[in-house]
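# Working through the structure, step by step
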Amino acid sequence: MNEIRNIVNARWRGETPIYVIGLALMALCIGLLAARGIAPSFGATWVNTRLFGMCLALIAVVDVARQLFKHRPDSPIAFLRARYSAPDFLIKALAGLPMLAVAIVLLPFFSKMKSAIPLFNDYTWDDTFVEWDRAIFFGYDAWEVLQPALGFPVVTAFLALLYHLWILLLYPGVLFFAFGKMGSDLRRQFFLTYVLSWSLIGGAMATWLASVGPVFVGPLLGDTRFDEQMAYLRAANEQVPIMTLKVQDMLIEWFQADANGLGSGITAMPSMHVAIAFLFWIAMRQISPRLGMFFAAFFAITWISSVHLAYHYAVDGLVSVIAVSAIWWGSRQIITAWDRFLEARGQAALRTNTVPAE
């Protein structure tokens, strides 16, 4: 047990900057919201806990079934007891708990900040981003450039499905980085970038560059420039269900009702869909070339879909990519500085894999 405790403590020491920065940012969110008369609420945190719990339960069921099918033990109960009480498994489970807690607790507060953007700034940037897009695409809106290739109801419906599957990055994807087999440096760099992306990109930058995006400029700002795009999407929905349209209508209802729960709020610049998809690509490619290729494709599809489905301007994704790249680099510097600090104190962080390949 002492060896398990030492290994787990070494990992936790190495991740201390992420815990500290995460808690500081959460306190900042609570303070900013309190200054606008919004009291802390943990309802969304409970929802997030249940979502992670359901994910963990599903992963556990799949793992149990896979192990029993693979090994076909004479005594399944004894086999499973031995597997899930083994030191390697206990290390993996205990060591990842703080990162799981970070993901559960912080995301709802950043989501609430997103829904509170109108309390801090007016939505005044859409005109600017429309002009940026048109400057890049020679006078055309980005969706118009994509329309000849993507403007088919079946294609649009498929892209809408993939766009919804992005949520898997936030749950199974985050669980993989919390508990999966990888180097400590990559895990810490991923999580610190993840936390800072939600706060700096999805919070600070989204508030500073407050915009609603093509789908919402009509209902919320009375701007008719993207009515043709929305007309296509609704016409396509008559042939094949376009999943994003229901979500977009729901977001408008929540916005008008001043809802501030998990997943509510409207903001276009920067795109957190693109930011998180890009983060997974730059992290996954360090684990496996095949995973890198898969997530590169998913990142590209997410960016293109965000424009085609009217959620974002093309420059929303571009700014997200630049911001995540800068945060990724900065996170590496913070982790390196922390490791040097620990080494100077004779308390090195765990830098090696602690979970053997199965």
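Residues numbered from 1 in each chain as written. Predicted model: local features only at pLDDT ≥ 70, side-chain atom pairs only at ≥ 80, totals over all residues. Heavy atoms only, no water.

## As for the packing of helix α7 (residues 126-136) against helix α17 (residues 314-344)
- Where α7 meets α17, the closest approach of the two axes is 8 Å, and the angle between their N-to-C directions is 90 degrees. It follows from the interaxial angle that α7 and α17 lie roughly perpendicular. Every residue of α17 that contacts α7 at F129, W132, D133 and I136 is listed here: A314, V315 and D316.
- Residue composition of the contact of α7 with α17, grouped by class: five nonpolar, no polar and two charged. (Axes fitted to C-alpha atoms, helices over the stretch in contact; angles between N-to-C directions. Helix = DSSP H or I, 4+ residues; strand = E, 2+ residues; numbered from the N terminus. Parallel < 35°, antiparallel > 145°, perpendicular 65-115°, else oblique. Contact = heavy atoms within 4.5 Å. Nonpolar A, V, L, I, M, F, W, Y, C, P; charged D, E, K, R; others polar.)

## Digging into the side chain of D316
- Of note, D316 is situated in helix α17.
- The charged side chain of D316 is buried without a salt bridge, its nearest counter-charge being K114 at 11 Å.
- Reaching out from D316, the side chain makes a polar contact with the backbone nitrogen of Y313 at a distance of 2.9 Å.
- In this structure, D316 is in contact with F129, A268, M269, P270 and S271, ignoring residues within four places of it in sequence. (Buried < 20%, exposed > 50% of the residue type's maximum accessible area, 1.4 Å probe, protein only. Lys, Arg positive; Asp, Glu negative; His and termini not counted. Salt bridge = Lys/Arg side-chain N within 4 Å of Asp/Glu carboxyl O. Polar contact = N/O pair within 3.5 Å; in protein donor to acceptor, adjacent residues only side chain to side chain.)

## Considerations on unusual backbone geometry
- Residue P270 follows M269 across a cis peptide bond; omega there is -10 degrees.
- Here the phi dihedral of F138 falls at roughly 55 degrees; this positive angle occurs in a residue that is not glycine.
- Looking at the element boundaries, F138 is found in the loop between α7 and α8 (142-150).

## Topic: the packing of helix α3 (residues 43-71) against helix α5 (residues 87-115)
- The contact between α3 and α5 brings their axes to 8 Å, and the two run at 140 degrees. Comparing their axes, α5 and α3 come out oblique. The element α3 and its partner α5 pack so that their crossing is right-handed. Between α3, through A44, T45, N48, T49, F52 and L56, and α5, the contact on the second element is made entirely by L100, A103, I104, V105, L107, P108 and F109. (Left-handed = near helix turned anticlockwise from the far one by under 90°.)

## Quick word on the nonpolar core
- Core analysis: the largest hydrophobic core is formed by 95 residues, its most contacted members being W198 and I276.
- Those residues in contact with W198 that lie beyond four places of it in its chain are L107, F110, W166, L170, G203, M272 and I276. (Core = buried A, V, L, I, M, F, W, Y, C linked by side-chain atoms within 4.5 Å.)

## Description of the environment of S331
- Here S331 is to be found in helix α17.
- Considered as a pair, S331 and A86 are 245 residues apart in the sequence and their alpha carbons are 33 Å apart.
- For S331, the contacting residues outside a window of four places in its chain are Q189, L192, T193 and L196.
- A polar contact is formed between the side chain of S331 and the side chain of T193, at a distance of 3.2 Å.

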